[in-house]
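# A structural walkthrough
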Amino acid sequence: MVSSEPKGPANVVKTASPLKANKSPGKPANGQKFKPGGAGGAKKFDKSGGGPGKKFDKPGAGGARKFDKSGSGGFRKFDKSGPTGDKRLGGNKFAEGNKFRGKPQTQPQAPAEGEKQDWNKFKKEKKDLKLKRKSAKDTYEISKEANQIHEKLRCRRTENKDKLVEQIYKVLNVGDTISKVVKAHDTARVIQSMLKYASPALRAEISEKLLPFTVDMCQSKYAQFCVQRMLKYGAPATKAKLVDSLYGHIVRLAGHSIGSGLLDTMYQSATPKQRIFMRQEFYGDLYRKAKDSNVKTLSDTYKEATNMKASILGSVKANLDHVANKQLVDSSLVHAVMLEYLRACDEDEEKLEETVTAFAALVPHMLSTKEGSEAGVICFYKSTPKNRRAIIKNIKEHLLKIATHEHGHVFLISLLNALDDTKATKKAIYDHLHEDLKALMSNQYGRRVIQWLVAPGDTTCFHPEFIRTVEEGLAFGKKEKELRRKEILEQIEAPIAQSIAEDASFWLSNSHIGLVTADILNHIQGESYEKAASALAQVVAQPEWRISADAAGPLPQDKKKPHNDVEAIIAEATKQRRKLLNVESSSDDENEEDDNDDDDEDEEDEQKEAAEDDAEPKLKKAKKEPKKPKAKEEEPAAPLVSGIEEAGMHIVLKKILKNDGKQEGTPFSQHLLQNLSSAVLKAWLGVNRACFVLLKLVEDCPSLLEDCKKAIAAERSLSQILADRKTPGAKLLAAKLDIGK
C-alpha cells in the first residue's frame, strides 16, 4: 500500500476512507488526488497544507494559507488596497498600472485655506478648460467655421442666402462630417437653416446626405428638428424617400418618446401605399423585413392561412403593448393598427379583454383621430363593468376637450347611448359638463353632444348613418332604448332650463346656437319649458335685439397647399414676414439688435428648452432699456345685425313657434306677444321677415289672433304702417288680421 506523510501540520489524525474499496491503488504520492489509505493512510480529500498535490488547503498550525483573510503569516491573493493603502478595488483608478483608468479630470485649482478666491482667474481657467474640451473633438474647427457663416445667414437683412448655404456646405461636406454635426445643439440649427434657404438642387443634395441617418436623427434630441425641416421644405420626392428610409424601424420609433411624434407626422403625409407598409411592420418580423403589396389590412395576413392567425395576432398584441407601456398611443398609425386588431379579435374574448384592460387608462389619448375614436368605442363596448368605470374615471378631467373635438364627441355620444345607469351617467358626465355649457354651445361638436342628450336619434338633427353607427352600442346594454333616453332627459331638463333662464340672450346669440335652443324647447316639458320660454321671449321682444352675423364662428383656415412649389411658398412667407417686421421695427431703427434678429425665432424657442441642459452659464449684460412687448392684434369682432332680420334666426323663431302648440301651459308665442311693445311692433311691421313671424304666430295659435289684432289696432299708426307696406309678409299679415280692407 502506498502512503504519504503530510507536509503540513504534524498532528493530523489519519482515518480510513469509507469508499477505499472502490478506488484503485498505486498512484504516485506527489500527484495523488484520491488517496487510498488504511489505518495509517491519509484522507480521501486531504485538506492539510504544504503538499504539492493538495488542492484544498486548510490552514493548520504552521501551514501556508491559500485563501487567507486573517492577519500575519499569510498572504492576500485578492488585495483590495491600492498602492497608497486605500481600500478601493484596484487602488487608485488613475494609477499608471490601472487598465480601467479614464482621462484625468483637470479642474481649476481651489484656493488654499485662508486665501481668497480669485474669481477672474477661476472663470478664465474654466473657460480654457471648456475650450480645450471642445477643441479635442475632430469636428471643432469645422463647426466653428460653419457657425461663423451661420451668424450671417440667420440675419434677416442678409441677401443672397443661398450663396452662404453653399459656403457652409463646402465646409461641412468632408467625409461623414454632416452625420456627426447634425446631432449637436448648435450645428443642428446650422443644418436647419441650410435646409430652409438652400436652392432646390442643394436642398435635395443635403437631404440625400442625411437620409441614411434618418432613424438616428428621429431619436435625437436636436437632430429631430432637421427631420422636421426636411418634411416642411423638402420636395415630394424627398418626403417619399424619408418615409422609405424608416422601413424596418417603425415599431421601434413608435415606442420612442421623440420619434413617435415624427413618425405620426410622416404617416399622415405618406401615400396610401406607404401607410400600408408602415402598418405591416406591426404584424410581425416577417413584414418588417419584406413588404407585401397584397396585404392591405390585418385580416389579409391570415386570409389564406388561418393557422397563422394566432401567431400574427400575438405579434400585433406584443407590439401594441410595447407602445402602450410607453404611453405613446396618441398616433394615427397606432390608432389604425389598434382598430384592425380589435376587429380581428372579435371572436377571441380572452385576448380582447387583455388588450381592453391595458388600453383603458389610455382611451383619452386615442380620441384624436377617427380610427382612434372607433377603437375607443369598441374598447368601451367590450369592456367589463369594472373597466367601463375605469374608462369613465379617466375621461372625467378631459370631458370638455373630448366633447368639443371632431372625433372625441362621437365617442362621448356612443358612451351616453350605451350606459344603462342613467343616474351615474348624469353624475359622471353631464354634471361635469354643465359648468361649461356655454363653451359646449359655442362649439359645433359640443352642440351635437347637447342635442343628443335632449333629442337622441332625431333625424332632423343627426344624419341617419350617424344614428345607425351610434345605436350599435344598444346591443351591449340591458335597458330599453326609450326608457334610458327618457330617464336622461328628465334628469337634465331642469338644469338646462335654468341655464337658459339665467342668460337667455346667449342662447339666441346666433342662428347655430338658436337651432339647438329650439330643439331643447321642443323636448323639455312643464315648468322647465315655461321658465325657458318666458326668458327667451323677453330677449326676442327687446327693441335692440342684436345677434352675431358670423354665426358659424371664426372662418376655417385654408388648408395648406401641398409643397409642389416649395420655393414659391418660402418666398411668399419670407415676403410677408419682412413686411411685418419692417412695420414693427420702424421706430427702433437705431437699435443694433435689429441686425441680428433671427428669422427663425419661433424655431429657436422650440429648441431652447432642449438646449438648456448642454448650455454653459453665461453672464448677461444688462440692457439699457427693456424691450417693448409686441402688441397683439385683436381679432375684429363679428358684426352685429338685427335678430329679427337675420335669415338663420328667422328659421329658428319659426321652428319654435311651429312646435309651440304641443306644449302644455303658457306657450312661447303668448309670452312673446305679451312682451311686444308698440315701439317694437312698429319696427317689426316694417320688416318682411318680422311680418312672417307674426303671421306664423297667429296661424299656429289661433287663440292669439284676436290678441294680435287688438295690439296692432290699438294704435292707428301701426294699422296704417301695415296697410301701406307692399312686402309679401305685410300683405299676408294684413289679410289675416283683416286690416286695411
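Residues numbered from 1 in each chain as written. Predicted model: local features only at pLDDT ≥ 70, side-chain atom pairs only at ≥ 80, totals over all residues. Heavy atoms only, no water.

Helix and strand content of the protein: 37 helices and two strands. Among the 741 residues that make up the protein, the fraction classed as buried is 42%. Accessible surface, the protein as shown: approximately 43300 Å² in total, 51% of it carbon and sulfur. (Helix = DSSP H or I, 4+ residues; strand = E, 2+ residues; numbered from the N terminus. Buried < 20%, exposed > 50% of the residue type's maximum accessible area, 1.4 Å probe, protein only. Areas by Shrake-Rupley, 256 points an atom, 1.4 Å probe, with all protein chains shown as cover.)

A few words on the nonpolar core. The nonpolar side chains of soluble globular proteins are, as a tendency, buried together. By size, the foremost hydrophobic cluster in this structure holds 97 residues, and its most contacted members are Phe668 and Trp684. With eight residues, helix 28 (residues 526–540) is the largest single contributor of residues to this core. In this structure Phe668 touches Tyr529, Ala533, Leu536, Ala537, Val540, Ile656, Leu657 and Asp660, once residues within four positions along its chain are discounted. Ranked by size, the runner-up nonpolar core spans 78 residues in total, among them Val181, Ile250, Met266 and Leu352. (Core = buried A, V, L, I, M, F, W, Y, C linked by side-chain atoms within 4.5 Å. Contact = heavy atoms within 4.5 Å.)

Its place among the elements puts Met441 in helix 22 (residues 437–441). C-alpha of Met441 to C-alpha of Gly514: the two residues are 73 residues apart in sequence and 9.7 Å apart in space. Those residues within four positions of Met441 in sequence are excluded, and the remaining contacts are Arg447, Ile450, Phe506, Trp507, Ile513 and Val516.

In this section: the UniProt feature "repeat: Pumilio" (unreviewed entry) in the protein. Under the UniProt annotation, "repeat: Pumilio" (unreviewed entry) lies at residues 209–244. Secondary structure across residues 209–244 comprises 72% helix and 0% strand; the distance between its end C-alpha atoms is 15 Å. (UniProt positions renumbered as here; feature names shortened; annotations may be inferred.)

Okay, the packing of aromatic side chains next. This structure, assessed with the given rule, holds nine aromatic pairs. Seen from their ring centres, Tyr247 and Phe277 are 6.1 Å apart, and the 80° between their planes marks the pair as edge-to-face. In this pair, Tyr247 sits in the loop between helix 9 (236–244) and helix 10 (250–254) while Phe277 sits in helix 12 (residues 272–280), placing the two residues 30 residues apart along the sequence. Under the relative-accessibility criterion, Tyr247 is labelled partly exposed at 22%. A ring pair is formed by Tyr283 and Tyr287, whose centres lie 6.1 Å apart and whose planes are at 85°; its orientation type is edge-to-face. (Phe/Tyr/Trp six-rings, centres within 6.5 Å; stacked < 30°, edge-to-face > 60°.)

Tracing the chain through its elements places Asp458 in the loop between helix 23 (444–454) and helix 24 (464–470). Of the buried charged residues, Asp458 lacks a salt bridge, with Lys655 as the closest side chain of opposite charge at 6.4 Å. Excluding its chain neighbours within four sequence positions, the residues that come into contact with Asp458 are Ile467 and His523. (Lys, Arg positive; Asp, Glu negative; His and termini not counted. Salt bridge = Lys/Arg side-chain N within 4 Å of Asp/Glu carboxyl O.)

This part covers the side chain of Lys317. With respect to the helices and strands, the residue Lys317 is situated in helix 14 (residues 309–325). Residue classification places Lys317 among the buried positions, given a relative accessible area of 16%. Among all residues touching Lys317, those that are not within four sequence positions of it are Tyr341, Lys351, Glu354 and Thr355.

Inspection of every chain in the model, using the stated rule, returns 21 salt bridges. Lys426 is the salt-bridge partner of Asp431, the closest N and O atoms lying 3.0 Å from each other. Residues Asp503 and Lys438 are paired through a salt bridge, measuring 2.5 Å at the closest nitrogen-oxygen approach. Here Asp503 is found in the loop between helix 25 (481–502) and helix 26 (504–507), whereas its partner Lys438 is found in helix 22, with 65 residues between them in sequence. Overall, Lys438 belongs to the partly exposed group, its relative accessible area being 42%.

One can describe the packing of helix 2 (residues 140–153) onto helix 3 (residues 161–172) by two numbers: an axis separation of 9 Å at closest approach and a directional angle of 175°. With respect to helix 3, the axis of helix 2 lies roughly antiparallel. In this structure, helix 2 contributes Ile142, Glu145, Ala146, Ile149, His150, Lys152 and Leu153 to the contact, and helix 3 contributes Lys161, Leu164, Val165, Gln167, Ile168, Val171 and Leu172. Its residues assigned to classes, the contact of helix 2 with helix 3 shows nine nonpolar, two polar and three charged. (Axes fitted to C-alpha atoms, helices over the stretch in contact; angles between N-to-C directions. Parallel < 35°, antiparallel > 145°, perpendicular 65-115°, else oblique. Nonpolar A, V, L, I, M, F, W, Y, C, P; charged D, E, K, R; others polar.)

Averaged over all residues, the pLDDT of the protein is 78; the fraction at 70 or higher stands at 73%. Segment residues 551–563 is flagged for pLDDT under 50; beyond a separation of four residues in sequence, or across chains, it makes 11 contacts in the model. Taken together, the stretch residues 615–634 has pLDDT below 50 and engages in seven contacts with residues farther than four places along the chain or on a different chain. (pLDDT = per-residue confidence, 0-100.)

Compared with an ideal rise of 1.5 Å per residue, which puts 13 residues at 18 Å, helix 34 (residues 688–700) spans 19 Å between its outermost C-alpha atoms and is within 8% of the ideal. By the burial criterion, the buried members of helix 34 are Ala690, Cys691, Val693, Leu694, Leu695, Lys696, Leu697 and Val698. Summarising the contacts, the buried residues of helix 34 are in contact with helix 31 (647–658), helix 32 (668–675), helix 33 (678–685), helix 35 (705–713) and helix 37 (728–737). (Expected span 1.5 Å × (residues − 1).)

This brings us to helix 17 (residues 370–381). Between the first and last C-alpha of helix 17 there are 17 Å, a value that for 12 residues agrees with the 16 Å anticipated at 1.5 Å per step. The buried fraction of helix 17 amounts to nine of the 12 residues, a majority that puts the element mostly inside the structure. Inspection of helix 17 places Gly372, Ser373, Ala375, Gly376, Val377, Ile378, Cys379, Phe380 and Tyr381 among the buried residues, and these make up the whole buried set. Against the buried residues of helix 17 lie helix 15 (332–344), helix 16 (349–359), helix 18 (385–395), helix 20 (408–418) and helix 24. Sitting at the head of helix 17, Thr369 places a side-chain oxygen 3.0 Å from the backbone nitrogen of Gly372. (Polar contact = N/O pair within 3.5 Å; in protein donor to acceptor, adjacent residues only side chain to side chain.)

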